[in-house]
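Coordinates in review
Listed below are the residues making up each chain.
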Amino acid sequence: MTTEPIRVEGDFPVYFRYTVGVAGEKFFREIMENGRLMASRCSSCNLNYLPPRIYCERCMSRLEEYVPVENEGTVEAFTITHQDAEGNPLQEPVGVALVRFPGAYGGLVHRTIDVLAIGDRVRAVFKDKKERTGSILDIKFFEKIS
Amino acid sequence: MSKHLQKPPGVPLREEDFEAQRVLSVMYRPKMRYSWATGVAIGRFLKGLREGKIIGTQCTHCRRIVVPPRVFCEWCFRPVNDWVDLPDTGIINTFSVSYISTDTTRLKTPIIPAVIEIDGTTHAGFLHVIGEAKPETLKIGTRVKAVWAESTKRRGSITDIRYFKPAEWKP
């Protein structure tokens, strides 16, 4: 006697390609070519959006102006994860933090090194220029400034 | 398109635009695994397929036989647990001739998905594919017979039947 199958297992083959968009092009090309963060600016609301957006969410105006943002910021929130995105255990725990930057509205969520407290000052560490591909991973991580 | 919109908005993009990095993008494949509990009836049906049998259920009240099996009768609203072995022959209830595969690539040889009504069942059928047939020879009502995978390759799946092929009427 063979047993009855009690479950059917499968996998949906779904692929997608996400284009970064008008503001994303500015943001990621600036990271790739100059190792610098860029925000889009609404001068009437005096807001610098990071990551940049093409519309101001306060006054709905189209944003054409871009301003550089410092590569150093402050940890707003953080966690240390011992599992990857699929729940598999990691050999080394990974820090992840929301980093805010002076003069910028918004922030970035990224990997961190040595962050242990909210309020820690951190700095973006970029890959070598020839290794950059125009991705958020062109920033290797944010390291704590001692 | 309309008096306000003369052409579609947006920028058309080709694969080479991505390769040349004229636009930046992120490729991603989410892992979408699933595990679907078969329940009593389908579990027994799949076990039957592995053994090379088509198993249905029969309602003791209205005598109707269905396949795939169900544990209730949708006509009488009664529980059903009379299991019956059915032949692997039947008729085409409906079918389609598709030159596009399930992943949307174009096909030179079409696939022919069809709903098969197994002999002995009433108003019941399941979706499968037709093989060894020219599409133009098929009709609704064409008699078909299951072509099974080798017993060592059957694993309790609807694909344990490879396809249904047109068959002669043998009473």
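Residues numbered from 1 in each chain as written. Chains lettered and ligands numbered in written order. Predicted model: local features only at pLDDT ≥ 70, side-chain atom pairs only at ≥ 80, totals over all residues.

The omega angle of the peptide bond from L50 of chain A to P51 of chain A is -5 degrees, so this bond is cis rather than trans. Cis peptide bonds are those with omega within 30 degrees of zero, and the linkage from V67 of chain B to P68 of chain B qualifies with 0 degrees. Positionally, P68 of chain B belongs in the loop between β4 (65-66) and β5 (72-73). The phi angle at M60 of chain A is positive, at roughly 65 degrees, despite the residue not being glycine. Here M60 of chain A lies in the loop between β4 (47-50) and β5 (65-69). The class of M60 of chain A is exposed, set by 8 C-beta atoms lying within 10 Å. Here the phi dihedral of T104 of chain B falls at roughly 70 degrees; this positive angle occurs in a residue that is not glycine. By C-beta crowding, T104 of chain B is classed as exposed, having 6 other C-beta atoms within 10 Å. (Helix = DSSP H or I, 4+ residues; strand = E, 2+ residues; numbered from the N terminus. Buried ≥ 20, exposed ≤ 12 C-beta atoms within 10 Å, placed from the backbone.)

Attention now moves to the interface of chain A and chain B. The parts lose accessible area when they come together, and the size of an interface is often stated as this lost area. Chain A puts 24 residues into the contact, and the matching count from chain B is 24 residues. Elements with a contribution of two residues or more to the side of chain A that touches chain B: β1 (7-11), β2 (16-19) and α1 (21-34) of chain A. A total of five residues in the side of chain A that touches chain B trace back to one element, the largest contributor, which is β1 of chain A. Looking at the side of chain A that touches chain B, its residues break down into 10 nonpolar, six polar and eight charged. Alignment of β2 of chain A against strand β1 (residues 25-28) of chain B, held across four bridges, turns out to be antiparallel. The residue of β1 of chain B that forms the bridge with T19 of chain A is S25 of chain B. (Contact = placed C-beta atoms within 7 Å. Nonpolar A, V, L, I, M, F, W, Y, C, P; charged D, E, K, R; others polar. Pairing = 2+ DSSP bridges.)

Quick look at the sheet that holds β4 of chain B now. Residue and element names in this part refer to chain B. A sheet is described by the order of its strands in space; here three strands give the open sequence β4-β3-β7, paired in antiparallel fashion. Looking at strand neighbours, the two that pair on one side only are β4 and β7 (82-86), the edges of this open sheet. Taken together, the five bridges between strand β3 (residues 54-58) and β7 define a ladder with antiparallel strand orientation. Within the sheet, the bridge partner assigned to G56 lies in β7 and is V84. Sheet strands in contact with helix α2 (residues 39-50) are β3 and β7, and its direction is about 145 degrees off that of β3. (Axes fitted to C-alpha atoms, helices over the stretch in contact; angles between N-to-C directions.)

All names here are of chain A. Reading across the sheet, the four strands line up as β5-β3-β4-β8 and stay open at both edges, with mixed pairing between neighbours. Pairing within the sheet leaves two strands with one partner each, and these edge strands are β5 and β8 (105-106). Bridge count between strand β3 (residues 37-42) and β4: three bridges; the pairing is antiparallel. Looking at β4, one finds that R41 is bridged to N48.

Turning to α1 of chain A, a few remarks are in order. Residues and elements named next belong to chain A. In this model, α1 (14 residues) spans 19 Å end to end at C-alpha, consistent with the 20 Å of a helix rising 1.5 Å per residue. When we look at burial in α1, the residues that qualify are G24, F27, F28 and I31. The buried residues of α1 all sit within an arc of 85 degrees when viewed along its axis, so they share a single face. When the buried face of α1 is taken as reference, the exposed residues oriented beyond 90 degrees from it are E33 and N34. Downstream of α1 by a residue or two, G35 has a phi angle that is positive, lying close to 60 degrees. (Expected span 1.5 Å × (residues − 1). Arc of directions from axis to C-beta.)

What follows deals with the confidence of the model for chain B. Summing up the model confidence of chain B, the mean pLDDT is 93 and the portion of residues at 70 or higher is 99%. The ipTM for the predicted assembly is 0.79, set against a pTM of 0.66. (pLDDT = per-residue confidence, 0-100.)

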